[in-house]
Amino acid sequence: MVVTPKAAIYARISDDREGEGLGVERQEQDCRELAAQLGFEVVAVYVDNDIGASERTAKAKVRVQYQAMLEHARAGGFRYIVAYSNSRLTRRVKEYLELIDLYREHKVEIRTKVSGDHNLATADGRAVALTLATWDAAEAERISERIKRANLQKAYNGEPGIQHRRAFGFEQDAKTHRPDEVAHIREAVKAVIAGASVTSIRHRWQAAGVLTSEGRADWGWTPVYRVLSGWKTAGVRSLNGEPLYDGDGDMVMGNWEPIISLEERAAVMAMLERRTRRGVKEGTWLLSDLLRCGVCGGKLYGQRAEPEDRSSYACNSGKTSNHLAINATRLDELVTSEVFEYQTARAFRGIDQPVATQTVWAGEEKLANTSARIDELMEMFGQGVLSGEVITPQIQKLEVQRSDLRKDRDLHYAVTSLAPASREEMAWTSSRVLSDTQALFDERQIAIRSEVELVWVRKATKGAGSRSSEAFNERVDITWKQPHQEIEKLSPEEWAQLRVNADSDPKMVARLWDMFTIDDPADADPDGATP
């Protein structure tokens, strides 16, 4: 009785850019023809598509099918491995030694379409096989070197690196913008410069249904950070995550249109670094870190109470009791209303309030004094007036202070060097957030902090009328961020015109209208009082 030898086919290709597997299909067809010529019965086909087989292959890319084939062979599933060539099986000498051991222990032989047959039962056959494997490994290294040189030349020419996973904001060609994703990136960059965190952007994108470049709805912190801070977003050609520099020491700019400017990226990085340095965390109190006690100048902190509308902000600096406390709900509503009305009035009148590009950073003198003090201490140490034990802790403390001051200075100049944004656009965005009860907490907080520097709270008066709205409002004094223009609040007639003529967002204007409970211009105060 004639027994038909059993064989397994192995096919592999290193780079399948189209993702269609055509290369491995052609290999399998050729291997089947060879198996038929040799009288083999093909009992299994193993395919590793788009995976390299050399030492240059990433550790994460494991040839799962190749390993499964070896296990099947060791279990006695077949006597022959049929491949298109030796290099399709492996480009590693170490793995070819394993194939030799496979023959010695299980008598599994190798047949190829184009590389010939090597008798692994003899020393000469094994030597020839290992020699070819060595040359295959060398060729893999030569290919890698050629590819690296070609890619480096392309990089210096500003050509983008094409990845299997496209960059968020770009099409697969790594040059063409995706308008919807670009809009999300630019909006997020503005928010971060205004004080938003990466976590808040992540939550915002997930709430809005923004998908990753891979089509996933869940955004991790790191992918969002990479999108906002990546050099590609700012139009810079990078290599291994760092900007590429030409022979003159200048950054190599990519030949694609940047999504944000280098100045915006610098401002984003400076703001995120400052948040990290100061330990800024997401909170649950709308006005946290903005409130100051009118008695001692200390911070006011949120204090929960039941029911929720009895919660308060309080100063805990008093020796025997709190200096003062104020209802948190009413204060949140008052400050929100003041900011909302200011921004809406500014947007309605189209008043531009450009960022002052020549503003001198307020901490220049303090920075100069800190550096001078460090120099003075070092000079005293050099003269033997002070010992190292005395000046070391002082120097360390001053150097930390100087480092923080320099970072604040860099942030200031990075932000003020940006092209002036339309204050009308910013005001519309903020007023939309403040009028929407469904807006995310951090969006409302950012809208307030874009205008407010501090909120000072005075002690409550005693006696009749102390609980009135007028008395409550008199306790609160808002310090606005500069530059700040005094703008009269909108009259009822202007609110009516805003509702009728709003081109940017009629729904938002309707919400604004409802917030001030005016149903018709005819119902407005005839003296033109603010609604």
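Everything below is about the structure shown above.
Quick notes on the rules
Residues numbered from 1 in each chain as written. Predicted model: local features only at pLDDT ≥ 70, side-chain atom pairs only at ≥ 80, totals over all residues. Heavy atoms only, no water. Pairing = 2+ DSSP bridges. Helix = DSSP H or I, 4+ residues; strand = E, 2+ residues; numbered from the N terminus. Axes fitted to C-alpha atoms, helices over the stretch in contact; angles between N-to-C directions. Salt bridge = Lys/Arg side-chain N within 4 Å of Asp/Glu carboxyl O. Buried < 20%, exposed > 50% of the residue type's maximum accessible area, 1.4 Å probe, protein only. Contact = heavy atoms within 4.5 Å. Patch = residues over 30% accessible without salt bridge, like charges linked within 9 Å, V, L, I, M, F, W, Y side chains within 5 Å. Areas by Shrake-Rupley, 256 points an atom, 1.4 Å probe, with all protein chains shown as cover. Left-handed = near helix turned anticlockwise from the far one by under 90°. Nonpolar A, V, L, I, M, F, W, Y, C, P; charged D, E, K, R; others polar. Expected span 1.5 Å × (residues − 1). Arc of directions from axis to C-beta. Core = buried A, V, L, I, M, F, W, Y, C linked by side-chain atoms within 4.5 Å. Phe/Tyr/Trp six-rings, centres within 6.5 Å; stacked < 30°, edge-to-face > 60°. Lys NZ or Arg CZ within 6 Å of the ring centre and 35° of its normal.

(A) View of the sheet that holds strand E2 (residues 41–49). With respect to topology, four strands assemble into an open sheet ordered E2-E1-E3-E4, the strand pairing being parallel. Edge strands, defined here as strands with exactly one partner in the open sheet, are E2 and strand E4 (109–112). Taking the axes of each pair of neighbouring strands and ignoring which way they run, one obtains an average angle of 25 degrees across the sheet. As defined by bridge partners, strand E1 (residues 6–13) adjoins strand E3 (residues 80–83) across four bridges and the pair is classed as parallel. Across the sheet, residue Ala-7 finds its bridge partner in E3, namely Tyr-80.

(B) Inspection of the pairing of strand E11 (residues 452–457) at higher detail. Bridging between strand E7 (residues 291–293) and E11 involves three bridges; their strand directions are parallel. Across the sheet, residue Arg-292 finds its bridge partner in E11, namely Trp-456. Taken together, the five bridges between E11 and strand E12 (residues 476–480) define a ladder with antiparallel strand orientation. Counterpart to Val-457 in the pairing with E12 is Val-476.

(C) Layout of the pattern of salt bridges. Inspection of every chain in the model, using the stated rule, returns 16 salt bridges. Close ionic contact of Asp-101 with Arg-104 constitutes a salt bridge, the shortest N to O distance being 3.8 Å. With Asp-101 and Arg-104 both in helix H4 (residues 93–106) and three residues apart, the pair spans about one turn of that helix. In this structure Asp-101 comes out as partly exposed when scored by relative accessible area, which is 34%. Among the salt bridges present, the one from Arg-304 reaches Glu-308, with a minimum N-O distance of 2.6 Å. The partly exposed category is assigned to Glu-308, whose relative accessible area is 43%.

(D) Region of interest: the sheet that holds E7. With mixed pairing, the three strands of this open sheet are ordered in space as E7-E11-E12. Lying at the two open borders of the sheet, with one neighbouring strand each, are E7 and E12. Taken over all neighbouring pairs, the strand axes of this sheet differ in orientation by 25 degrees on average, direction set aside.

(E) Spotlight on the environment of Ala-305. Along the chain, Ala-305 turns up in the loop between strand E8 (301–303) and strand E9 (312–314). On the accessibility criterion, Ala-305 (24% relative accessible area) is partly exposed. Other than its neighbours up to four places away in sequence, Ala-305 contacts Arg-310 and Ser-311.

(F) Representation of a nonpolar patch on the surface in the model. Residues Leu-152, Tyr-156 and Leu-239 make up a contiguous nonpolar surface patch of about 250 Å² in total accessible area. The class of Tyr-156 is partly exposed, set by a relative accessible area of 39%.

(G) Molecular detail of the packing of helix H6 (residues 179–193) against helix H7 (residues 198–208). The interhelical angle for the contact between H6 and H7, taken along N-to-C directions, is 145 degrees, at an axis separation of 10 Å. Here H6 runs over H7; the crossing is right-handed. Contacts from His-184, Ile-185, Glu-187, Ala-188, Ala-191 and Val-192 of H6 reach H7 at Ile-201, Arg-204 and Trp-205. Here the contact of H6 with H7 is composed, by residue class, of six nonpolar, one polar and two charged.

(H) Quick peek at unusual backbone geometry. Looking along the chain, the bond that leaves Glu-306 and enters Pro-307 is cis, with omega of 0 degrees. Tracing the backbone through its elements, the reader meets Pro-307 in the loop between E8 and E9. Its identity as a non-glycine residue notwithstanding, Lys-107 has a phi of 60 degrees, on the positive side. Tracing the backbone through its elements, the reader meets Lys-107 in the loop between H4 and E4. If you check the backbone angles, Ala-174 has positive phi at about 65 degrees while not being a glycine. You can see Ala-174 is positioned in the loop between helix H5 (123–156) and H6.

(I) Here's a closer look at helix H11 (residues 364–382). Along its 19 residues, H11 runs 27 Å from first to last C-alpha, staying within 8% of the 27 Å computed at 1.5 Å per residue. Residues Leu-367, Thr-370, Ser-371, Ile-374 and Leu-377 constitute the buried set of H11. For H11, the angular spread of the buried residues around the axis is 120 degrees, confining them to a single face. The exposed set on the far side of H11, more than 90 degrees from its buried face, consists of Glu-365 and Asp-375. Two residues or fewer past H11, Gly-384 is found with a positive phi of approximately 80 degrees.

(J) Structural context of the nonpolar core. Formed by 30 residues in total, the largest nonpolar core has its most connected members in Leu-287, Leu-300, Tyr-313, Ile-326, Leu-331, Ile-448 and Val-452. Every element with two or more residues in this core is listed here: E7, helix H10 (328–349), E11 and E12. Among the elements that line this core, the one with the most residues is H10, at eight residues.

(K) Structural detail: the packing of aromatic side chains. As enumerated under the stated definition, the model contains eight aromatic pairs in all. When the centroid spacing of 5.3 Å and the interplanar angle of 40 degrees are considered together, the rings of Tyr-342 and Trp-480 count as tilted. One end of the pair, Tyr-342, is in helix H10; the other, Trp-480, is in strand E12, with 138 residues separating them in the sequence. The exposure class assigned to Tyr-342 is buried, which follows from its relative accessible area of 7%. It is Arg-63 that lies over the ring of Tyr-66; its NZ or CZ is 3.9 Å from the centre. Here the basic side chain of Lys-232 rests over the ring of Trp-256, its NZ or CZ set 4.0 Å away from the ring centre.

(L) Geometry of the side chain of Gln-27. Position of Gln-27 relative to the elements: it lies in helix H1 (residues 22–38). Beyond its immediate sequence surroundings of up to four residues, Gln-27 is in contact with Ala-11, Arg-12, Ile-13, Tyr-84 and Arg-88.

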